[in-house]
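What follows is each chain in one-letter form.
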Amino acid sequence: MTRLTLEQVTDFGDFTKGKDLKEFFKRAYSNFASQNCLSDVRLSPDGRHIHVIVRQPKSGLMTYDKYQRANLMQCQKHVDLVLTRNVPIVDVIYIPQSKPDDAASVLGVIFDNGKAEFWKFLECRSGWHLLQTVDLCNSPRAKVVSVSLCQNFIIWCEERPPSENSNSVSSDFRFCICKKTVEVNEGGVSFGNVKIALHNNPRYTTISSGDLVYLLPDMRENSSVAVSKVFLVWSPEHDTFNVHSACSCTVMKSSSKESDFKRLVTDFIGLLSTINPPHICGFSPTGCGDLLLLLSTGWVCIMKRDGCLRNIYKLPDNFLSASGNQNSLNIYNEILALTIGRTLFLIDTKCGLELERISLKTEGLLFVNSLDSHSPQMLSETGLFVVTQRQKASPTHSEDSSALLIESVFEEACKYYQQRSLSSTQLTVEKLKKGGMFQAPISLAAILRDFLCNQKTKTGEKHSSGQERLMSSLESELRSLVLLEDIKTSMVKASEKDLENYCETLVQQEICRLLGGELERENLQYLNSIFQLFPTYSWHAMQAVLHLRCNGEGSLSSKAPAELWKIILSPLQPTANFAHCNGQQKHTTMNLPVFELLCHSIFKFQPSWLPRFLELAQQQTGMTSSSSWSYGMKESSESLPLYKRALTVLPCKGSYQHLEVELLLCSERPKAIMQALRILIEQSQWERVSQVAERFCRKSPLLNKEIFNALLCEVSQHRDLDPYLDLLWTLCPEDMTVTSILNIVLKNLPDSAQNSGPFEAHGSQVTIGLLKPLLRKVLQRETKPSHRYADILQSPTIPPLTPPRQPKGLHRDAEHQETKQRTSS
């Protein structure tokens, strides 16, 4: 339970002229026009010096030094950095010592006219001392517009004075990129000769990162709009340039040693009119050759040294435009810190996850402290701040469990009410607790607290109060929750030896908990992640939860309740997608249903159990052989039979066709049985084919006819079934006739190049001699009289007398007299 917080480490009172520094920041934050002052604030690598470049009303440099009070007691006079030139300052750079033992860096102040002063802070003398003054530019009319330090090179962008005949277009390309070696030693600062690396380029801002220098277009120069769409990456050591853009097509030209900018961009000048990259609103070097970019689209990206542009984090929509122009960003040990206005974002660069969003009282400037480069540090109006991980104090065991349980109750309540809410605003635990919005979480938290308290002071007395009855009804659920939290706490404190046992217990508890109720999408995703991260523990947990046992005959048994099987065998989710592979359906979604998860686990650790597990699952669904014979029914993802769902775990390569056959046969469905029979026929496993035919022909007359027709087709094509013909002829359906049999045989006879006779003895075709027993049997059945309707068709040997016929108009007495005469005769 850790939380990233912003803590103040020092006040401006620890710096010289701390009141003046505080007043400067107040003025900088007071109005929008002076917010750009923060871009002119520099901090030393060790965090002991703050330098503020003053632009207006008069150019200058303000320095604030952090030092120990003991030194000030010994030497009351503190020597400040006093500049000797009244010229605009371009920037300040820190040059490290050639000897690593000497931690004090040399400060270089670069002026607009190409002059540079190099100062060093001597703590023993309590102040700054000027070491050397040097001219960077060869021409006295040249001006420096940006400067940076890359390894042992000073890199700057120099503006050459325009010629008298130059037009406005050529005046945009009157800049050049220069470099000069620099080295700090005991004697002072030594420099090499000036070398121009790039001619006729637009105004660039130089940013060094590792051994590379990024040349970003200066947005203040709007004359060369097309060229501002690209930026350059320069290697001073090899003098090579790469042309990049802030859109997806990053690298346009790579590793060019061209020293003229116009010839460098000639190859892709037409491409500039087709691309529209976003503007670069902020940047920061990472120190290893990469560059962080904040784009106008809201994306925070990192430009890798190989030219790949990787997205890290997307700011909320319109957040960048609504929060002002002031921003700063840096990477600290795989954590990206980003300040936009008065908001500090902390993002994990590996996955782009937002770790924390901290609201600031005032705007701030991020910087890197060489003494603690892993922690984000920020300079704000009130002082220096650092981001730390605050961990809650570890209370007693019962108090820790109580706090965790209560917090989990409120978090789960937030998810529940967020689903039912019509509002788009995110519901938090703080909002839930305020004003008694919902009483259900508070009641559950109180029940948990009372349960934990009663565990310590439990007596033998039993009360019949409502509270006691409530606690007794919830005792099993509360015990499982407490046990789960205890296991989590024990895992944090456990050694590596005991961690495996705790992990297996935790996985089993989590699987039991998830399968104890209805599986929503989040719980199903969580269950999938458990099976993926802990496959072995999940396999053992699955056997324990279902109470799976395998007897000596190879069948499986389970003592799991029907409610658990109902959750396991629930139909496929509507969001699940399928892809066909060799006639089978394969899942393309990562969130597999529970039945598929269990089948994957069985297939990985005990493949021979898979058909038996399918039989066990079909028994639980109440499927019997009498109810499984269904023809012509359309199947959907909701009514997909279990055997098809089990087939999805098999690979597509066909190396597990024996398992596929077993699963198809275990389904006891006609289509599946015929599919298994065709696989066995393709593999020429004729003994297994005869066993399957004998077993399933007794199940259904329709299936019997399909199997017999399929095998009769095989008999017509080859002689491999000769040893099993006696069994095959016994499987002949009763409604088969000699004509139908001969039609099937003639249709499936293979084409033969030789004119062999019908009574060939040693050929590969079927002969009349082979079909003779079958035809005789069917013919006898056709000629034999049927006794099915014998009782209807039987007639007496003497026919009965014909009844007398009379006209319709005779009277009844005449009829009576005729009958009397016939009786007397």
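Residues numbered from 1 in each chain as written. Predicted model: local features only at pLDDT ≥ 70, side-chain atom pairs only at ≥ 80, totals over all residues. Heavy atoms only, no water.

Caption draft 1: Summary view of the sheet that holds strand E3 (residues 49–54). Overall, antiparallel pairing links the three strands, which are arranged E2-E3-E4 in an open sheet. Lying at the two open borders of the sheet, with one neighbouring strand each, are strand E2 (41–43) and strand E4 (60–65). Ignoring strand direction, the axes of neighbouring strands in this sheet form an average angle of 20°. (Pairing = 2+ DSSP bridges. Helix = DSSP H or I, 4+ residues; strand = E, 2+ residues; numbered from the N terminus. Axes fitted to C-alpha atoms, helices over the stretch in contact; angles between N-to-C directions.)

Caption draft 2: Representation of the sheet that holds strand E20 (residues 291–295) in the model. With antiparallel pairing, four strands are arranged side by side in an open sheet as E19-E20-E21-E22. Two strands bound the open sheet, and with one partner strand each, they are strand E19 (280–285) and strand E22 (309–314). When the angles between neighbouring strand axes are averaged without regard to direction, this sheet yields 25°. Two strands pair when backbone bridges link them, and E20 and strand E21 (residues 299–303) are joined in this way by four bridges, in the antiparallel orientation. The residue bridging Leu291 from the neighbouring strand is Met303, located in E21.

Caption draft 3: How the structure looks around the pairing of E4. With five of six residues buried, E4 lies mostly within the body of the structure. Here six bridges tie E3 to E4, and the two strands are oriented antiparallel to one another. Bridge pairing in E4 places Val52 opposite Met62. Here E3 folds back onto E4 in antiparallel fashion, the turn holding five residues. (Buried < 20%, exposed > 50% of the residue type's maximum accessible area, 1.4 Å probe, protein only.)

Caption draft 4: Structural view of the packing of aromatic side chains. This model, assessed by the stated rule, comprises 13 aromatic pairs. Here Phe595 and Phe613 contribute two aromatic rings whose centre-to-centre distance is 5.8 Å and whose plane-to-plane angle is 15°, an arrangement assigned as stacked. Of the two residues, Phe595 sits in helix H15 (residues 594–605) while Phe613 sits in helix H16 (residues 609–620), which places them 18 residues apart along the sequence. In this structure, Phe595 and Phe613 share a single accessibility class: buried. On the basis of an interplanar angle of 75° and a centroid distance of 5.0 Å, the ring pair of Phe603 and Tyr656 is categorised as edge-to-face. Residue Phe603 is found in helix H15, and its partner Tyr656 is found in the loop between helix H17 (642–647) and helix H18 (657–667); the two are separated by 53 residues along the sequence. An aromatic cluster of three or more residues is present, and its members are Phe173, Tyr204 and Phe261. Over the face of the ring belonging to Phe153 we find Lys179, whose NZ or CZ atom lies 4.9 Å from the ring centre. (Phe/Tyr/Trp six-rings, centres within 6.5 Å; stacked < 30°, edge-to-face > 60°. Lys NZ or Arg CZ within 6 Å of the ring centre and 35° of its normal.)

Caption draft 5: Highlighting the confidence of the model for the chain. Residues at a pLDDT of 70 or more form 73% of the chain, whose mean pLDDT is 77. For residues 459–464, every residue scores under 50 in pLDDT, and the model assigns this stretch two contacts once sequence neighbours within four places are set aside. Under a pLDDT of 50 for its full length, residues 574–589 has, in the predicted model, 38 contacts with residues more than four places off or in other chains. (pLDDT = per-residue confidence, 0-100. Contact = heavy atoms within 4.5 Å.)

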